Amino acid sequence: MAQNGSNVTRRQFLTYTLTGVGGFMAATMVMPMVNFAVDPVLKKSGAGDKVKVMKLSDITTEPKRVDFKKQTQDAWYEFEETLSAWVFKNDKGEILALSPICKHLGCQVSFGSDPTHPEDFYCPCHFGRYTKDGVNVPGTPPTKPLDGYEMQEKDGFLYLGKPVERGA
C-alpha cells in the first residue's frame, strides 16, 4: 500500500531492492569469470619473438646442436622454455635450423650417431632416420620431415623463433 503520495508500495520497494542487490552480486561473481576467459585474447602475443642463438660466422656445414631459452606464454602462464636446434649450412650455403624432436614419437634425434649412416640424423627409439637436410628416410618409422625453426639473420647473428612444420 502506498503512503503519503508515494507511487511505490512496500512490496515493489523490496522487489526492486532485492533485484538490485541480486544483480550486483551476480555481476560480482560473473565479471572475474569473463575477465579470465577474455584476458588472454586481448593480451599482446610475443609468440613471434625470436631469440639470438649464435654468430653467423660460427655456422659450418657440420650440424651443431644449439640450446637456447625462449619466453613462452601458455594462456595465463608465462615461463622460460629451453629449446634446441641443429644448425648448419646445406650444400647451397643456406642456413638450416632443424628441431631435434623426432616426428614419430617425439624422441631426441642426434646427428651421426648411427655408425652405419654417419651422415644422417638418427632416432634411437625406433631406429628412425632423416637425411642431413631433415627429410625422413622411406622405410623408417618417421612419416614427416623434422620441423624447422623461424629464422632471421641480423647484425651477424642468427635468431630463432618457434618450430614450424615443414612439408614432406
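Residues numbered from 1 in each chain as written. Predicted model: local features only at pLDDT ≥ 70, side-chain atom pairs only at ≥ 80, totals over all residues. Heavy atoms only, no water.

- Labelled according to an unreviewed UniProt entry, the protein chain appears under the name Menaquinol-cytochrome C reductase, originating from Exiguobacterium undae.
- According to UniProt, the comment filed for the protein chain under the heading Sequence similarities (unreviewed entry) is "Belongs to the Rieske iron-sulfur protein family." (UniProt positions renumbered as here; feature names shortened; annotations may be inferred.)

## Quick notes on the state of the cysteines
Moving on, step 1. In this structure the tally under the stated criterion is 1 disulfide.
Moving on, step 2. Between C107 and C125 runs a disulfide, and the two sulfur atoms are separated by 2.0 Å. Between C107 and C125 the sulfur-sulfur dihedral comes to about -110°; the bridge is accordingly left-handed. With C107 in the loop between strand 4 (95-98) and strand 5 (110-111) and C125 in the loop between strand 6 (121-123) and strand 7 (128-130), the pair connects residues that are 18 residues apart, well separated along the chain.
Moving on, step 3. Overall, C107 belongs to the buried group, its relative accessible area being 17%.
Moving on, step 4. Among the residues examined, C125 registers a relative accessible area of 36% and is labelled partly exposed.
Moving on, step 5. A disulfide-free cysteine, C102 has its sulfur positioned 3.8 Å from the sulfur of C123, the nearest such atom.
Moving on, step 6. Classification of C102 as buried rests on a relative accessible area of 4%. (Disulfide = S-S within 2.5 Å. Helix = DSSP H or I, 4+ residues; strand = E, 2+ residues; numbered from the N terminus. Buried < 20%, exposed > 50% of the residue type's maximum accessible area, 1.4 Å probe, protein only.)

## Details of the UniProt feature "transmembrane region" (unreviewed entry) in the protein chain
Moving on, step 1. Taking the UniProt record as the reference, the feature "transmembrane region" (unreviewed entry) is found at residues 13-34.
Moving on, step 2. A distance of 31 Å separates the end C-alpha atoms of residues 13-34, which is 100% helix and 0% strand.

## Topic: the packing of aromatic side chains
Moving on, step 1. All told, the structure shown has 4 aromatic pairs when counted by the stated rule.
Moving on, step 2. Between F68 and Y149, the aromatic rings sit 5.8 Å apart at their centres with planes inclined by 70°, giving edge-to-face as the arrangement. Of this pair, F68 sits in strand 2 (residues 64-74) while Y149 sits in strand 8 (residues 148-154), placing them 81 residues apart in sequence.
Moving on, step 3. A relative accessible area of 6% places F68 in the buried class.
Moving on, step 4. The exposure class of Y149 is buried, given its relative accessible area of 8%.
Moving on, step 5. With 6.4 Å between their ring centres and 45° between their planes, F88 and F121 make a pair best called tilted. Within this pair, whereas F88 is found in strand 3 (residues 77-89), its partner F121 is found in strand 6, the two being separated by 33 residues in sequence. The two residues F88 and F121 agree in class, both being buried.
Moving on, step 6. Positioned above the aromatic ring of F157 is the side chain of K52, whose terminal nitrogen or guanidinium carbon lies 4.2 Å from the ring centre.
Moving on, step 7. The cationic tip of K154 hangs over the ring face of Y159; the distance from NZ or CZ to the ring centre is 5.7 Å. (Phe/Tyr/Trp six-rings, centres within 6.5 Å; stacked < 30°, edge-to-face > 60°. Lys NZ or Arg CZ within 6 Å of the ring centre and 35° of its normal.)

## Comments concerning the nonpolar core
Moving on, step 1. Counting residues in hydrophobic clusters, the biggest one holds 13 residues, and the most contacted among them are V53, M54, F68, V87, Y149, L158 and L160.
Moving on, step 2. Broken down by secondary-structure element, the contributors of at least two residues to this core are strand 1 (51-55), strand 2, strand 3, strand 4 and strand 9 (157-164).
Moving on, step 3. Examining the composition of this core, we find that 3 residues originate from one element, strand 3, more than from any other.
Moving on, step 4. With residues near it in sequence (within four places) discarded, Y149 still touches F68, L83, S84, A85, A97, L98, S99, P100, L160, G161, K162 and P163.
Moving on, step 5. Membership of the second largest hydrophobic core comes to 12 residues, among which are W86, C102, C107 and F111. (Core = buried A, V, L, I, M, F, W, Y, C linked by side-chain atoms within 4.5 Å. Contact = heavy atoms within 4.5 Å.)

## Quick look at unusual backbone geometry
Moving on, step 1. For F127, which is not glycine, the phi dihedral falls at a positive 60°.
Moving on, step 2. Turning to its location among the elements, F127 is positioned in the loop between strand 6 and strand 7.
Moving on, step 3. Its relative accessible area of 58% is what places F127 among the exposed residues.
Moving on, step 4. Not every positive phi belongs to a glycine, and D155 is a case in point at roughly 55°.
Moving on, step 5. Checked against the element boundaries, D155 lands in the loop between strand 8 and strand 9.

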